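Secondary and tertiary structure notes
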Amino acid sequence: MTGDRFERLLRDAAQDYHRPPETPREEMWRRIMGARARRRQHMLVQRRWLHWGLGIAAVLALGIGIGRWTARRPHGGGAETTAGRVPNEAGTLAYRVAAAQYLSRTEALLTGFRTEARPSAPDAQFAAQARDLLTTTRLMLDSPAARDGRLKALLEDLELVLAQIAQLPAGGDKEDVQLITQGLDERSVLLRLRTAIPAGPGPVRMQGAL
Amino acid sequence: MDERELIARVRAGDGAAERALYDAHVDRVYRLAYRLAGDDDLARELTQDTFVRAFERLGSFRGESKLSTWLHAVATSVVLNGLRKAKRFRQRETDLDEATGISGGPPPAEPDLKRRLAQAIDRLPKGYRIVFVMHDVEGYTHEEIGAALGIETGTSKAQLSRARGKLREALADFAGEWVS
């Protein structure tokens, strides 16, 4: 056998290198369509969360701003009029609306995370949502809510949990997920969060911790 | 339907056009993914990722090359990234093969040549292996390889030549027997 024949033999033999089976067209097509539908849904959810997050942050910032402005105003004792209380009430209302929305969304995220996050592959969607809520948590800690010791402690726990979820790697880490859910259970975060959420329908709720 | 029309229809969200694009290219993408991955599940996943990404990014395709060239550039990028992620798994497999002494062996015969060749291809440096598989196994031209991998045609030729040289070295005992 000559060198050329050996080369030809090599090339023929190479055809058997990882020889592919028949292309599973239909199955792959179904999965591609499924993956694309999930990505579209994911993007819609992300967009919606972004809008909500920005809205909450804006309302909170407004509430805090009004609160601080009214706090700096000198009180005129008995001369204070109804007009003088208006900005304060507006600030409180804005704060309550924003805080109720924030707490409800945080509760939805943590409940979803606890039930849906598979230890091997937590959804990247949770991390993105946690990042959005983390910003609002920091605003909340700077808001009148932080004057309430119980709520402040809850917000600090939420900040820690949200930061942990936000930093979860895309591929997921079993131990990290377990640590987060363990922390949620040990500090009764979800229970305290649900207690803090004002009861009743609509954005303006006047019960709970607010 | 010509290529430009097909692309325009896919961009407009025409499902039938998407399917037509998929049907025209899926065999070649899957075959390349399978040849390089050597694993059906991984090859399917890489093929799926290729098309998901291609459909998402078709809007950025400016038509400076043929659609097939662009698509294969997307495919090779997805496949190479996927293989990098699976590298640890592949390394474990290779270690296991070495531990069980597959590379040693009985006197040469053709089935053994194929097995030894497969192992030798697996052990080629990554760039050589990809060019060898694309050219000698899947029949891509050097121009197609250059466009897909973002390298010069001359680089592709040089890597193929070195890959073949390394394979000849690895299978020298076969060559010696059959050349003599």
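Residues numbered from 1 in each chain as written. Chains lettered and ligands numbered in written order. Predicted model: local features only at pLDDT ≥ 70, side-chain atom pairs only at ≥ 80, totals over all residues.

Our next topic: the overall build of chain A. Per the secondary structure count, chain A includes seven helices and zero strands. Ordering the α and β elements of chain A from the N terminus gives α-α-α-α-α-α-α. Counting all 210 residues of chain A, 26% fall into the buried class. Residue pairs at least 24 apart in sequence account for 74% of intrachain contacts in chain A once pairs closer than 6 positions are excluded. (Helix = DSSP H or I, 4+ residues; strand = E, 2+ residues; numbered from the N terminus. Buried ≥ 20, exposed ≤ 12 C-beta atoms within 10 Å, placed from the backbone. Contact = placed C-beta atoms within 7 Å.)

This part takes up the overall build of chain B. Check the secondary structure of chain B and you find ten helices and zero strands. Ordering the α and β elements of chain B from the N terminus gives α-α-α-α-α-α-α-α-α-α. Put simply, chain B has 180 residues, and 34% of those count as buried. Within chain B, residue pairs in contact and separated by at least 24 positions form 62% of the contacts whose partners lie at least 6 positions apart.

When two helices pack together, their arrangement is given by the angle between the helix axes and by the axis-to-axis distance. Residues and elements named next belong to chain B. It is the contact of helix α2 (residues 15–37) with helix α4 (residues 67–85), at a shortest axis distance of 10 Å, that shows an interaxial angle of 25°. Between α2 and α4, the interaxial angle falls into the category roughly parallel. Regarding α2 and α4, the two cross each other, and that crossing is right-handed. Residues H25, V29, L32, A33, L36 and A37 of α2 pack against S68, L71, A75, V79 and L83 of α4. Its residues assigned to classes, the contact of α2 with α4 shows nine nonpolar, two polar and no charged. (Axes fitted to C-alpha atoms, helices over the stretch in contact; angles between N-to-C directions. Parallel < 35°, antiparallel > 145°, perpendicular 65-115°, else oblique. Left-handed = near helix turned anticlockwise from the far one by under 90°. Nonpolar A, V, L, I, M, F, W, Y, C, P; charged D, E, K, R; others polar.)

To continue, consider unusual backbone geometry. Despite not being glycine, H18 of chain A shows a phi value in the positive range, around 45°. Locating H18 of chain A in the fold gives a position in the loop between α1 (3–14) and α2 (25–72).

Let us look at the confidence of the model for chain B. When the pLDDT values of chain B are averaged, the result is 85; 83% of them are 70 or greater. In this model, residues 99–109 of chain B is a region of pLDDT below 50 whose contacts with residues beyond four sequence positions or in other chains number ten contacts. (pLDDT = per-residue confidence, 0-100.)

Moving on, we come to the interface of chain B and chain A. On the chain A side, the residues contacting the 26 residues of chain B number 24 residues. Secondary-structure elements contributing two or more residues to the side of chain B that touches chain A are α2, α3 (40–57), α6 (110–122), α7 (126–137) and α10 (172–179) of chain B. Looking at the side of chain B that touches chain A, its residues break down into 16 nonpolar, three polar and seven charged.

A few words now on the environment of E169 of chain B. Looking at where E169 of chain B falls in the secondary structure, it is placed in helix α9 (residues 153–170). The sequence separation of E169 of chain B and A120 of chain B amounts to 49 residues, and the corresponding C-alpha distance is 9.5 Å.

This next bit is on the nonpolar core. Judged by nonpolar contacts, the single largest core of 51 residues is most densely connected at A33, L36, A37, V79 and L117 of chain B. Per-element tally for this core: the top contributor is α2 of chain B, with ten residues. Shared between two domains, this core takes at least three residues from each, and those domains are domain 1 (1–85) and domain 2 (87–180) of chain B. When near neighbours in sequence (up to four residues on either side) are disregarded, L117 of chain B contacts L10, A13, A14 and Y17 of chain A together with L167 and L171 of chain B. In terms of nonpolar packing, the next biggest core, distinct from the first, is built from 33 residues, L110, L133, L162 and I165 of chain A among them. (Core = buried A, V, L, I, M, F, W, Y, C linked by C-beta atoms within 7 Å. Domains from an automatic or database assignment.)

Its location among the elements puts Y30 of chain B in helix α2. With 25 C-beta atoms counted inside 10 Å, the residue Y30 of chain B sits in the buried group. It is 8.9 Å that separates the C-alpha atoms of Y30 of chain B and Q48 of chain B, two residues lying 18 residues apart in sequence. Contacts of Y30 of chain B, omitting those with residues within four sequence positions, involve P20 and T23 of chain A together with A43 and T47 of chain B.

Turning to helix α7 (residues 189–196) of chain A, its buried residues number three or more, namely V189, L193 and A196 of chain A. Seen end-on, α7 of chain A carries its buried residues on one side only, within an arc spanning 65°. (Arc of directions from axis to C-beta.)

All names here are of chain B. The geometry of α2 relative to α7 is characterised by a closest axis approach of 10 Å and an angle of 130° between their N-to-C directions. With respect to α7, the axis of α2 lies oblique. Along this stretch, α2 crosses α7, giving a crossing that reads as right-handed. Only I130, V133, M134 and V137 of α7 make contact with α2, whose side of the interface consists of L32, R35 and L36. The class makeup of the residues in the contact of α2 with α7 is six nonpolar, no polar and one charged.

A few words on the confidence of the model for chain A. Residues and elements named next belong to chain A. Overall, the predicted model of chain A reaches an average pLDDT of 75, with 70% of residues at or above 70. Scored below 50 in pLDDT, residues 76–86 shows one contact in the model against residues more than four places distant or in partner chains. Of the regions scoring below 50 in pLDDT, residues 202–206 engages in eleven contacts with residues more than four places distant in sequence or in other chains.

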